[in-house]
Amino acid sequence: MKNIKLQVPGTVANLVCGFDILGMALNEPFDEMEFKLLDERKIIIHHEDEFNLPTEPEKNVAGVVLLKILEKLENQNIGFEVIINKKIKPGSGLGSSAASAAGAAFGANELLGNIFSKEELVYFAMFGEELASGSRHADNIVPCLFGGITLVKSSEPMDIIPLSSPDLYVSAVHPQVEVKTSDARQILKKNIQMKDAVKQWGNVAGLVAGILKNDNQLISRSLEDVLVEPVRSILIPKFDELKKQSLSLGALGGGISGSGPSIFMLSETKEIADKVAENMQKIYNQIGIENFVYVSKINDQGIRIV
(Lines give C-alpha, C1' and ligand atoms only; values in the text may rest on other atoms or scores of the structure.)
Protein backbone atom coordinates (compact mmCIF):
# COMPACT_ATOMS: atom_id res chain seq x y z
CA MET A 1 0.00 0.00 0.00
CA LYS A 2 1.42 3.39 -1.05
CA ASN A 3 -1.41 5.75 -0.05
CA ILE A 4 -4.02 5.83 2.68
CA LYS A 5 -6.62 8.26 4.02
CA LEU A 6 -7.86 8.19 7.62
CA GLN A 7 -10.65 9.61 9.72
CA VAL A 8 -9.19 10.08 13.20
CA PRO A 9 -11.67 10.61 16.06
CA GLY A 10 -11.68 13.10 18.85
CA THR A 11 -11.58 11.70 22.34
CA VAL A 12 -12.65 12.51 25.89
CA ALA A 13 -10.00 11.77 28.50
CA ASN A 14 -10.32 11.18 32.24
CA LEU A 15 -14.09 10.53 32.10
CA VAL A 16 -14.43 12.70 35.19
CA CYS A 17 -12.77 10.58 37.90
CA GLY A 18 -10.29 8.54 35.81
CA PHE A 19 -7.45 11.08 35.57
CA ASP A 20 -4.87 9.94 32.99
CA ILE A 21 -6.26 6.38 32.84
CA LEU A 22 -9.75 6.44 31.26
CA GLY A 23 -10.69 7.65 27.79
CA MET A 24 -13.50 7.48 25.25
CA ALA A 25 -13.61 7.85 21.46
CA LEU A 26 -16.20 10.05 19.73
CA ASN A 27 -17.76 10.01 16.28
CA GLU A 28 -17.47 13.79 16.06
CA PRO A 29 -15.32 15.82 15.80
CA PHE A 30 -12.60 14.08 13.79
CA ASP A 31 -9.42 14.89 11.85
CA GLU A 32 -8.60 13.78 8.31
CA MET A 33 -5.10 12.54 7.48
CA GLU A 34 -3.65 11.30 4.18
CA PHE A 35 -0.38 9.35 3.99
CA LYS A 36 2.01 8.49 1.19
CA LEU A 37 4.94 6.11 1.51
CA LEU A 38 8.21 7.59 0.17
CA ASP A 39 11.31 5.78 -1.07
CA GLU A 40 13.72 8.05 0.81
CA ARG A 41 14.28 8.76 4.50
CA LYS A 42 12.40 12.01 4.87
CA ILE A 43 9.16 13.26 6.35
CA ILE A 44 7.01 15.86 4.58
CA ILE A 45 4.07 17.46 6.39
CA HIS A 46 1.30 19.59 4.87
CA HIS A 47 -1.52 21.25 6.79
CA GLU A 48 -4.85 22.03 5.11
CA ASP A 49 -6.37 23.74 8.13
CA GLU A 50 -6.31 27.21 9.63
CA PHE A 51 -4.26 26.56 12.76
CA ASN A 52 -0.81 27.42 11.38
CA LEU A 53 0.86 24.46 13.08
CA PRO A 54 4.57 23.85 12.38
CA THR A 55 5.45 21.59 9.49
CA GLU A 56 9.02 20.81 10.59
CA PRO A 57 8.82 17.14 11.65
CA GLU A 58 10.64 17.64 14.94
CA LYS A 59 8.22 20.43 15.92
CA ASN A 60 5.03 18.72 14.72
CA VAL A 61 3.10 16.18 16.81
CA ALA A 62 2.59 13.79 13.89
CA GLY A 63 6.13 14.44 12.66
CA VAL A 64 7.71 13.42 15.97
CA VAL A 65 5.82 10.14 15.89
CA LEU A 66 6.94 9.41 12.34
CA LEU A 67 10.54 10.22 13.27
CA LYS A 68 10.38 7.67 16.08
CA ILE A 69 9.05 5.05 13.67
CA LEU A 70 11.90 5.76 11.25
CA GLU A 71 14.37 5.36 14.11
CA LYS A 72 12.96 1.87 14.64
CA LEU A 73 13.36 1.13 10.92
CA GLU A 74 16.96 2.30 10.78
CA ASN A 75 18.00 0.10 7.84
CA GLN A 76 15.06 0.86 5.57
CA ASN A 77 15.16 3.57 2.92
CA ILE A 78 11.61 4.83 3.40
CA GLY A 79 9.81 7.97 4.52
CA PHE A 80 6.34 9.47 4.80
CA GLU A 81 4.39 12.36 3.35
CA VAL A 82 1.29 13.35 5.31
CA ILE A 83 -1.51 15.83 4.67
CA ILE A 84 -3.38 16.86 7.82
CA ASN A 85 -6.78 18.54 7.91
CA LYS A 86 -7.46 19.21 11.57
CA LYS A 87 -11.11 19.57 12.49
CA ILE A 88 -10.40 19.03 16.18
CA LYS A 89 -9.17 22.42 17.30
CA PRO A 90 -5.86 22.35 19.17
CA GLY A 91 -6.34 23.12 22.84
CA SER A 92 -10.00 22.06 22.78
CA GLY A 93 -9.67 19.26 25.31
CA LEU A 94 -11.08 16.84 22.74
CA GLY A 95 -7.86 15.01 21.94
CA SER A 96 -6.51 17.13 19.10
CA SER A 97 -2.85 16.31 19.71
CA ALA A 98 -3.69 12.66 20.36
CA ALA A 99 -5.50 12.46 17.02
CA SER A 100 -2.40 13.71 15.20
CA ALA A 101 -0.13 11.37 17.16
CA ALA A 102 -2.31 8.27 16.97
CA GLY A 103 -3.22 8.96 13.33
CA ALA A 104 0.46 9.23 12.40
CA ALA A 105 1.31 5.94 14.09
CA PHE A 106 -1.72 4.14 12.61
CA GLY A 107 -1.23 5.52 9.09
CA ALA A 108 2.48 4.69 8.96
CA ASN A 109 1.80 1.19 10.25
CA GLU A 110 -0.82 0.56 7.57
CA LEU A 111 1.61 1.62 4.84
CA LEU A 112 4.27 -0.66 6.33
CA GLY A 113 1.97 -3.69 6.29
CA ASN A 114 0.90 -3.61 9.96
CA ILE A 115 4.27 -4.60 11.37
CA PHE A 116 3.56 -3.03 14.79
CA SER A 117 1.01 -4.03 17.41
CA LYS A 118 -1.51 -1.52 18.77
CA GLU A 119 0.48 -1.37 21.99
CA GLU A 120 3.57 -0.41 19.99
CA LEU A 121 1.56 2.26 18.18
CA VAL A 122 0.58 3.70 21.57
CA TYR A 123 4.27 3.79 22.51
CA PHE A 124 5.15 5.77 19.36
CA ALA A 125 2.16 8.09 19.66
CA MET A 126 3.02 9.03 23.24
CA PHE A 127 6.06 10.93 21.94
CA GLY A 128 3.64 13.21 20.12
CA GLU A 129 1.68 13.84 23.30
CA GLU A 130 4.92 14.61 25.09
CA LEU A 131 5.73 17.29 22.51
CA ALA A 132 2.25 18.78 22.83
CA SER A 133 1.85 18.81 26.60
CA GLY A 134 5.15 17.85 28.19
CA SER A 135 3.66 14.58 29.47
CA ARG A 136 3.68 11.11 27.88
CA HIS A 137 0.10 10.25 28.84
CA ALA A 138 -1.96 7.76 26.83
CA ASP A 139 -5.55 8.29 27.96
CA ASN A 140 -6.52 10.04 24.69
CA ILE A 141 -4.28 7.99 22.40
CA VAL A 142 -5.57 4.59 23.48
CA PRO A 143 -9.31 5.14 22.77
CA CYS A 144 -8.35 6.85 19.50
CA LEU A 145 -6.52 3.68 18.41
CA PHE A 146 -8.73 1.04 20.08
CA GLY A 147 -12.14 2.73 19.94
CA GLY A 148 -14.78 2.68 22.65
CA ILE A 149 -13.92 3.28 26.29
CA THR A 150 -10.47 2.20 27.44
CA LEU A 151 -8.53 1.85 30.67
CA VAL A 152 -4.78 2.46 30.71
CA LYS A 153 -3.92 0.44 33.82
CA SER A 154 -0.24 1.25 33.36
CA SER A 155 1.90 2.97 30.75
CA GLU A 156 5.20 1.58 32.08
CA PRO A 157 4.90 -1.28 31.32
CA MET A 158 2.01 -0.75 28.91
CA ASP A 159 -1.15 -2.42 30.19
CA ILE A 160 -4.28 -1.51 28.20
CA ILE A 161 -7.78 -2.80 28.96
CA PRO A 162 -10.51 -2.12 26.38
CA LEU A 163 -13.88 -1.83 28.10
CA SER A 164 -17.32 -2.38 26.62
CA SER A 165 -19.01 0.63 25.01
CA PRO A 166 -22.31 1.52 26.69
CA ASP A 167 -25.20 2.47 24.42
CA LEU A 168 -24.99 6.11 25.47
CA TYR A 169 -24.88 9.49 23.74
CA VAL A 170 -22.25 12.14 24.31
CA SER A 171 -23.01 15.86 24.30
CA ALA A 172 -19.91 18.04 24.15
CA VAL A 173 -19.37 21.78 23.99
CA HIS A 174 -16.14 23.53 23.12
CA PRO A 175 -16.28 27.13 24.33
CA GLN A 176 -13.71 29.28 22.57
CA VAL A 177 -11.58 30.02 25.60
CA GLU A 178 -8.00 28.81 26.00
CA VAL A 179 -6.95 26.30 28.63
CA LYS A 180 -3.42 25.01 28.05
CA THR A 181 -2.85 21.41 29.13
CA SER A 182 0.46 22.38 30.72
CA ASP A 183 -1.25 25.12 32.76
CA ALA A 184 -4.11 22.82 33.74
CA ARG A 185 -1.58 20.31 35.07
CA GLN A 186 0.42 22.89 37.00
CA ILE A 187 -2.55 24.01 39.12
CA LEU A 188 -3.33 20.51 40.38
CA LYS A 189 -2.77 19.78 44.05
CA LYS A 190 0.55 18.16 44.87
CA ASN A 191 -0.85 16.49 48.00
CA ILE A 192 -4.31 15.04 48.62
CA GLN A 193 -6.11 13.81 51.72
CA MET A 194 -6.55 10.08 52.18
CA LYS A 195 -10.35 10.38 52.49
CA ASP A 196 -10.46 12.14 49.09
CA ALA A 197 -8.23 9.48 47.53
CA VAL A 198 -10.47 6.70 48.86
CA LYS A 199 -13.58 8.41 47.50
CA GLN A 200 -11.91 8.84 44.11
CA TRP A 201 -10.83 5.19 43.98
CA GLY A 202 -14.41 4.20 44.72
CA ASN A 203 -15.69 6.38 41.90
CA VAL A 204 -13.18 4.98 39.39
CA ALA A 205 -13.98 1.40 40.40
CA GLY A 206 -17.71 2.15 40.28
CA LEU A 207 -17.45 3.72 36.83
CA VAL A 208 -15.53 0.77 35.39
CA ALA A 209 -17.97 -1.67 37.01
CA GLY A 210 -20.93 0.32 35.68
CA ILE A 211 -19.51 0.24 32.16
CA LEU A 212 -18.84 -3.52 32.32
CA LYS A 213 -22.26 -4.29 33.86
CA ASN A 214 -24.08 -1.87 31.54
CA ASP A 215 -25.51 -0.26 34.67
CA ASN A 216 -26.33 3.33 33.75
CA GLN A 217 -27.31 4.32 37.28
CA LEU A 218 -23.98 3.08 38.65
CA ILE A 219 -22.23 5.00 35.88
CA SER A 220 -24.19 8.10 36.89
CA ARG A 221 -23.33 7.75 40.60
CA SER A 222 -19.66 7.25 39.77
CA LEU A 223 -19.22 10.29 37.49
CA GLU A 224 -17.80 12.37 40.33
CA ASP A 225 -14.32 13.85 40.65
CA VAL A 226 -13.21 15.12 44.05
CA LEU A 227 -9.57 15.76 43.09
CA VAL A 228 -9.14 17.42 39.69
CA GLU A 229 -12.46 18.96 38.65
CA PRO A 230 -12.80 21.29 41.67
CA VAL A 231 -9.48 22.89 40.73
CA ARG A 232 -9.67 22.89 36.94
CA SER A 233 -13.31 23.95 36.67
CA ILE A 234 -12.44 27.49 37.78
CA LEU A 235 -10.66 27.90 34.42
CA ILE A 236 -13.90 27.26 32.49
CA PRO A 237 -16.65 29.93 32.51
CA LYS A 238 -20.11 28.78 33.62
CA PHE A 239 -18.92 25.22 34.31
CA ASP A 240 -20.90 24.65 37.50
CA GLU A 241 -24.09 26.14 36.05
CA LEU A 242 -23.78 24.11 32.85
CA LYS A 243 -23.24 20.85 34.73
CA LYS A 244 -26.14 21.48 37.08
CA GLN A 245 -28.54 22.30 34.24
CA SER A 246 -27.38 19.28 32.20
CA LEU A 247 -28.22 16.97 35.10
CA SER A 248 -31.62 18.62 35.51
CA LEU A 249 -32.31 17.90 31.82
CA GLY A 250 -31.69 14.19 32.39
CA ALA A 251 -27.98 13.68 31.67
CA LEU A 252 -26.36 10.84 33.62
CA GLY A 253 -23.35 13.00 34.40
CA GLY A 254 -20.16 14.36 32.93
CA GLY A 255 -17.48 16.94 33.42
CA ILE A 256 -14.36 18.43 31.91
CA SER A 257 -13.09 16.75 28.76
CA GLY A 258 -9.37 16.23 29.23
CA SER A 259 -7.89 19.42 30.63
CA GLY A 260 -10.68 21.55 29.14
CA PRO A 261 -12.14 23.87 28.12
CA SER A 262 -14.56 21.40 26.51
CA ILE A 263 -17.25 19.85 28.69
CA PHE A 264 -19.02 16.55 28.01
CA MET A 265 -22.16 14.91 29.31
CA LEU A 266 -23.45 11.34 28.91
CA SER A 267 -27.13 10.66 28.26
CA GLU A 268 -29.25 7.56 27.76
CA THR A 269 -31.14 8.86 24.70
CA LYS A 270 -30.44 11.11 21.75
CA GLU A 271 -33.41 13.26 22.74
CA ILE A 272 -31.83 14.07 26.10
CA ALA A 273 -28.39 14.50 24.53
CA ASP A 274 -29.78 17.00 22.01
CA LYS A 275 -31.50 19.00 24.76
CA VAL A 276 -28.29 19.04 26.80
CA ALA A 277 -26.25 20.21 23.79
CA GLU A 278 -28.81 22.89 22.96
CA ASN A 279 -28.65 24.19 26.52
CA MET A 280 -24.83 24.11 26.48
CA GLN A 281 -24.85 26.33 23.44
CA LYS A 282 -27.47 28.63 24.94
CA ILE A 283 -25.40 29.19 28.10
CA TYR A 284 -22.34 30.30 26.17
CA ASN A 285 -24.29 32.30 23.61
CA GLN A 286 -25.84 34.29 26.46
CA ILE A 287 -22.42 35.46 27.66
CA GLY A 288 -21.02 36.03 24.18
CA ILE A 289 -18.53 33.15 24.06
CA GLU A 290 -18.30 31.47 20.66
CA ASN A 291 -18.76 27.72 20.95
CA PHE A 292 -19.12 24.48 19.05
CA VAL A 293 -21.38 21.65 20.17
CA TYR A 294 -21.38 17.98 19.19
CA VAL A 295 -23.79 15.11 19.81
CA SER A 296 -22.24 11.72 19.18
CA LYS A 297 -22.54 8.06 20.00
CA ILE A 298 -19.49 6.48 21.56
CA ASN A 299 -17.19 5.49 18.68
CA ASP A 300 -16.44 1.79 19.13
CA GLN A 301 -14.06 1.55 16.15
CA GLY A 302 -11.50 4.30 16.63
CA ILE A 303 -9.47 5.35 13.59
CA ARG A 304 -11.18 4.51 10.32
CA ILE A 305 -9.72 4.04 6.84
CA VAL A 306 -11.76 5.97 4.26
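You'll find the structure just up there.
Residues numbered from 1 in each chain as written. Predicted model: local features only at pLDDT ≥ 70, side-chain atom pairs only at ≥ 80, totals over all residues. Heavy atoms only, no water.

**Student:** Where do I start with the overall build of the chain in this structure?
**Tutor:** Within the chain, the regular secondary structure consists of ten helices and eleven strands. Taken over the C-alpha trace, the chain has a radius of gyration of 19 Å; the compact-globule value for 306 residues is 19 Å, and the two agree within 12%. The 306 residues of the chain split such that 55% are buried. Of the contacts made within the chain by residues no fewer than 6 positions apart, 73% connect residues no fewer than 24 positions apart. For the chain, the centre of its 31 positive side-chain charges and the centre of its 39 negative side-chain charges are spaced 3 Å apart. (Helix = DSSP H or I, 4+ residues; strand = E, 2+ residues; numbered from the N terminus. Rg over C-alpha atoms; globule rule 2.2 N^0.38 Å. Buried < 20%, exposed > 50% of the residue type's maximum accessible area, 1.4 Å probe, protein only. Contact = heavy atoms within 4.5 Å. Lys, Arg positive; Asp, Glu negative; His and termini not counted. Charge placed at Lys NZ, Arg CZ, Asp CG, Glu CD.)

**Student:** What is the right way to read the nonpolar core from this model?
**Tutor:** Inside soluble globular proteins, nonpolar side chains tend to come together where they are buried. The biggest cluster of nonpolar side chains holds 69 residues, and the ones touching the most others in it are M24, I69, F80, V122 and L145. The element that contributes the greatest number of residues to this core is helix α2 (residues 96–111), accounting for nine residues. Membership of the second largest hydrophobic core comes to 14 residues, among which are V173, A251, I263 and I272. (Core = buried A, V, L, I, M, F, W, Y, C linked by side-chain atoms within 4.5 Å.)

**Student:** Mind showing me how you'd approach a nonpolar patch on the surface here?
**Tutor:** A cluster of nonpolar residues, M194, V198 and W201, forms a patch on the protein surface that exposes about 370 Å² of accessible area. For V198, the location among the structural elements is in helix α6 (residues 194–213). (Patch = residues over 30% accessible without salt bridge, like charges linked within 9 Å, V, L, I, M, F, W, Y side chains within 5 Å. Areas by Shrake-Rupley, 256 points an atom, 1.4 Å probe, with all protein chains shown as cover. Salt bridge = Lys/Arg side-chain N within 4 Å of Asp/Glu carboxyl O.)

**Student:** How should helix α1 (residues 61–72) be read in this particular structure?
**Tutor:** A turn of α-helix holds 3.6 residues, and therefore any two residues three or four places apart point the same way. In this model, α1 (twelve residues) spans 18 Å end to end at C-alpha, consistent with the 16 Å of a helix rising 1.5 Å per residue. Of the positions making up α1, those classed as buried are V61, A62, G63, V64, V65, L66, I69 and L70. Contacts from the buried residues of α1 go to β2 (22–38), β3 (43–47), β4 (79–85), α2 and α3 (118–133). Backbone nitrogen of A62 and a side-chain oxygen of the N-cap are separated by 2.9 Å at the start of α1; the cap is N60. (Expected span 1.5 Å × (residues − 1). Polar contact = N/O pair within 3.5 Å; in protein donor to acceptor, adjacent residues only side chain to side chain.)

**Student:** Just to check I follow, could you spell out the packing of aromatic side chains for this structure?
**Tutor:** Aromatic ring pairs: the centre-centre distance and the angle between the two ring planes describe each pair. This model, assessed by the stated rule, comprises three aromatic pairs. Measuring from centroid to centroid gives 5.3 Å for Y123 and F127, while their planes differ by 90°, and the two rings are edge-to-face. Taken together, the residues Y123 and F127, both in helix α3 and four residues apart, mark about one turn of the helix. By relative accessible area, which is 44% here, Y123 ends up partly exposed. Taking the relative accessible area as the measure of exposure, F127 reaches 15% and is therefore buried. (Phe/Tyr/Trp six-rings, centres within 6.5 Å; stacked < 30°, edge-to-face > 60°.)

**Student:** I keep staring at the sheet that holds strand β10 (residues 291–297) and nothing clicks. Help me out?
**Tutor:** One key point about sheets: their strands pair by backbone hydrogen bonds, in either a parallel or an antiparallel sense. Here we have four strands laid out as an open sheet, ordered β8-β9-β7-β10, and antiparallel in their pairing. This sheet does not close on itself; its edge strands, each paired only once, are β8 (253–256) and β10. Each adjacent strand pair in this sheet contributes to an overall mean axis angle of 15°, direction not counted. Relative to β10, strand β7 (residues 169–175) runs antiparallel, the two sharing seven bridges. From the neighbouring strand, P175 faces β10, where its bridge partner is N291. Across the face of the sheet, helix α10 (residues 270–286) comes into contact with β7, β9 (263–267) and β10 while running at roughly 10° to β7. (Pairing = 2+ DSSP bridges. Axes fitted to C-alpha atoms, helices over the stretch in contact; angles between N-to-C directions.)

**Student:** Please explain the packing of α1 against α2 as it appears in this structure.
**Tutor:** Two quantities define a packed helix pair, namely the angle between the helix axes and the distance between the axes. Running from N to C, α1 and α2 cross one another at 35°; their axes reach a closest spacing of 8 Å. Handedness of the crossing formed by α1 with α2: right-handed. Here V61, A62, V65, L66 and I69 of α1 lie close against α2, whose contacting residues are S97, S100, A101, A104, A105 and A108. When its residues are assigned to classes, the contact of α1 with α2 shows nine nonpolar, two polar and no charged. (Left-handed = near helix turned anticlockwise from the far one by under 90°. Nonpolar A, V, L, I, M, F, W, Y, C, P; charged D, E, K, R; others polar.)

**Student:** I would appreciate a short explanation of the pattern of salt bridges in the present structure.
**Tutor:** Pairing of side chains with opposite charge becomes possible as their charged atoms draw close. Across all of its chains, the model carries eleven salt bridges by this definition. Notably, a salt bridge pairs K86 with D31, separated by 2.3 Å at the nearest N-O pair. Taken together, the residues span a long stretch of sequence, with K86 in the loop between β4 and α2 and D31 in strand β2 at a distance of 55 residues. In this structure, K86 and D31 share a single accessibility class: buried. A salt bridge links E241 to K238; the nearest nitrogen and oxygen atoms lie 3.1 Å apart.

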